[in-house]
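Single-letter residue listing:
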Amino acid sequence: MVIQWYPGHMAKAKREVAEQLKKVDVVFELVDARIPYSSRNPMIDDVIQQKPRVVILNKKDMANLKELEKWESYFKEKGYYPVAIDAKHGKGLKLVEQAAIKATQEKFEREKKKGLKPRAIRAMIVGIPNVGKSTLINKLAHKSIAKTGNTPGVTKQQQWIKVGNSLQLLDTPGILWPKFEDQLVGKKLSITGAIKDSIVHLDEVAIYGLEFLKTHHYEGLKNHYKIDVPIEAENIEWFDAIGRRRGLLRSGNEVDYEAVIELIIHEIRNAKIGTYTFDVIKEMEV
Ligand SMILES: Nc1nc2c(ncn2[C@@H]2O[C@H](COP(=O)(O)OP(=O)(O)OP(=O)(O)O)[C@@H](O)[C@H]2O)c(=O)[nH]1
Ligand SMILES: [Mg+2]
C-alpha cells in the first residue's frame, strides 16, 4: 500500500504548533480512542516536550472500553493525564477540565508562592485530522466557534474561549500529521476514517478490517452479517457470503466485490458491527 507522506507540510505544521504552544500551560493531545497509539503524531513528544499534557481519548462511544482502560494506564505511566470522552454527545467534558487542573497544579502552586495572582489555565488542542478537535472545541465553548481569517496573508486572530471556571482554550487547534509510512498504521487510520479513501487501497483496508474482526470478534462478525463461515475460510469466501447476504450482486449473479469492500469499511468505520479498539496493546511494541 502506497501512502503519501509530506515531510514539508509536516515540518511546517510542527513549527506552527510549537509557536502556539508557548502561549499555553497545558496541551490537550486528542487521539481516537479506537487507535490511541496509531492516531498520534510520531513527533508529538518532540513538539510538546515537557509541557503538562492531558491525553484525550475521544470517540469513546465507538471504542472497546476494556482496551481503553489499558491505554489510559499506558498514558498515565508516561506521566500524562488521560481522559476518555465522547465529544460528539458531550460526555466526559468535565473530566477534561479536572485533568487540566491536575496537570497544571504544580505550576500554579509555584506561581502562587511567587506571589502571582490566580489566573485561568490556558490550554490548546493538538491532534491529527478527524479526531474530533472542532467538535470538542464547540462542545467546550457551548457554541459553534466561527472560523476566522482563512484568506492567505491575513493574520489569523486567535481567541480564547472560556471553559468552566478555570480554563481558557485556544479556539484554533494544532493540526499534526499521522504516521503515514507504516502499512498497518495506514490501514488503521483508514478504517477509522482519519485519512482519505483516495490515498489508500480500499481492498487492503477492508481485508484488514475483516481479519481484525475474525481474530477478535468472530461470533459478533457472523451474527452481524447473519452468515456462517468457518474462521479458517479464505477472505474471498467471507466477501462472497457477505455480498450474497446483502444482495450486492452484479449481472450474472456475481458478487460485486467493490460494493462489499465499501460496505465492510463503512460499517466498521461507523461502529455498525460493534465498538472496537484496533490498537490492541498486548499485540504492539509500545
Ligand atoms: N461517534 C463519535 N463521533 C465523533 C466524536 N467526536 C467527533 N466525532 C465525529 O468525527 C468527525 C470529525 O470531527 P471533527 O471535530 O470535524 O474533527 P477535527 O479533528 O476537527 O478534524 P479536522 O478539522 O479535519 O482536523 C465528525 O463527523 C464528528 O461528528 C465522538 O466522540 N464520537
Ligand atoms: Mg476541525
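Preceding block: the structure.
Cut-offs applied
Positions within a chain are numbered from 1, following the residues in the order the chain's sequence is written. For this description, chains carry letters from A and ligands carry numbers from 1, given in the order in which they are written. Only residues with pLDDT of 70 or above have their local features reported here, since the model is predicted, and side-chain atom pairs are shown and tallied only from 80 upward, although totals for entire chains, interfaces and linings are computed over all residues. Calculated side-chain values reflect all of the structure's heavy atoms, with hydrogen atoms and water omitted. We define a salt bridge as a side-chain nitrogen of Lys or Arg found within 4 Å of a carboxyl oxygen belonging to Asp or Glu. Secondary structure is summarised from DSSP: a helix means a run of H or I of at least four residues, a strand means a run of E of at least two, and numbering begins at the N terminus for each. Exposed residues in this analysis have more than 50% of their type's maximum accessible area, buried residues have under 20%, and partly exposed residues fall in between, with area computed by a 1.4 Å probe over protein chains only. Pairing between strands is defined by DSSP: at least two bridges between the two strands are required. For this analysis, residues touch if any pair of their heavy atoms sits within 4.5 Å. Residue types Ala, Val, Leu, Ile, Met, Phe, Trp, Tyr and Cys, when buried and joined through side-chain atoms within 4.5 Å, form a set referred to as a nonpolar core. One less than the residue count of a helix, multiplied by 1.5 Å, gives the span that helix is expected to have.

(A) Layout of the pattern of salt bridges. Under the counting rule described, the total for this entry stands at 18 salt bridges. Here Lys107 makes a salt bridge to Asp25, at a shortest N to O gap of 2.8 Å. In this pair, Lys107 sits in helix H4 (residues 93-113) while Asp25 sits in the loop between helix H1 (7-21) and strand E1 (26-32), placing the two residues 82 residues apart along the sequence. On the basis of relative accessibility, which here comes to 26%, the residue Lys107 falls in the partly exposed class. Judged by its relative accessible area of 3%, Asp25 falls in the buried class. Where Lys188 meets Asp279, a salt bridge forms, and the shortest distance between an N and an O atom there is 2.8 Å. Of the two residues, Lys188 is situated in helix H6 (residues 183-191) and Asp279 in the segment after helix H10 (257-269); the sequence distance between them amounts to 91 residues. Since its relative accessible area comes to 5%, Lys188 is described here as buried. Looking at Asp279, the relative accessible area reads 0%, which means it is buried. The network of salt bridges with common partners includes Asp25, Lys107, Glu111 and Arg119.

(B) Here's a closer look at the pairing of E1. Counting buried residues in E1 gives seven out of seven residues, a clear majority hidden from the surface. Of the two faces of E1, the one lined by Val26, Phe28, Leu30 and Asp32 and the one lined by Val27, Glu29 and Val31 are each fully buried. With four bridges connecting them, E1 and strand E4 (residues 121-127) associate as parallel partners. Pairing of Val26 across the sheet is with Ala123, part of E4.

(C) Summary view of the environment of Ile145. Within the secondary structure layout, Ile145 lies in the loop between helix H5 (133-141) and strand E5 (160-163). Looking at Ile145, the relative accessible area reads 19%, which means it is buried. Placed ten residues apart in sequence, Ile145 and Thr135 show a C-alpha to C-alpha distance of 10.0 Å. Setting aside residues up to four positions removed in sequence, Ile145 forms contacts with Ile137, Asn138, Ile161 and Asp171.

(D) Geometry of the nonpolar core. In terms of nonpolar packing, the biggest core is built from 63 residues, with Phe28, Ile56 and Leu136 touching the most fellow members. Those residues in contact with Ile56 that sit more than four places away from it in its chain are Phe28, Glu29, Leu30, Val31, Val83, Ile85, Val96 and Leu136.

(E) Representation of H10. Along its 13 residues, H10 runs 18 Å from first to last C-alpha, staying within 8% of the 18 Å computed at 1.5 Å per residue. All of the buried residues in H10 are Ala259, Val260, Ile261, Leu263, Ile264, Ile265, Glu267, Ile268 and Arg269. Check the buried side of H10 and you find it contacts H6, helix H7 (202-216), helix H8 (218-225) and helix H9 (235-245). Positive backbone phi, at 55 degrees, marks Ala271, one or two positions downstream of H10.

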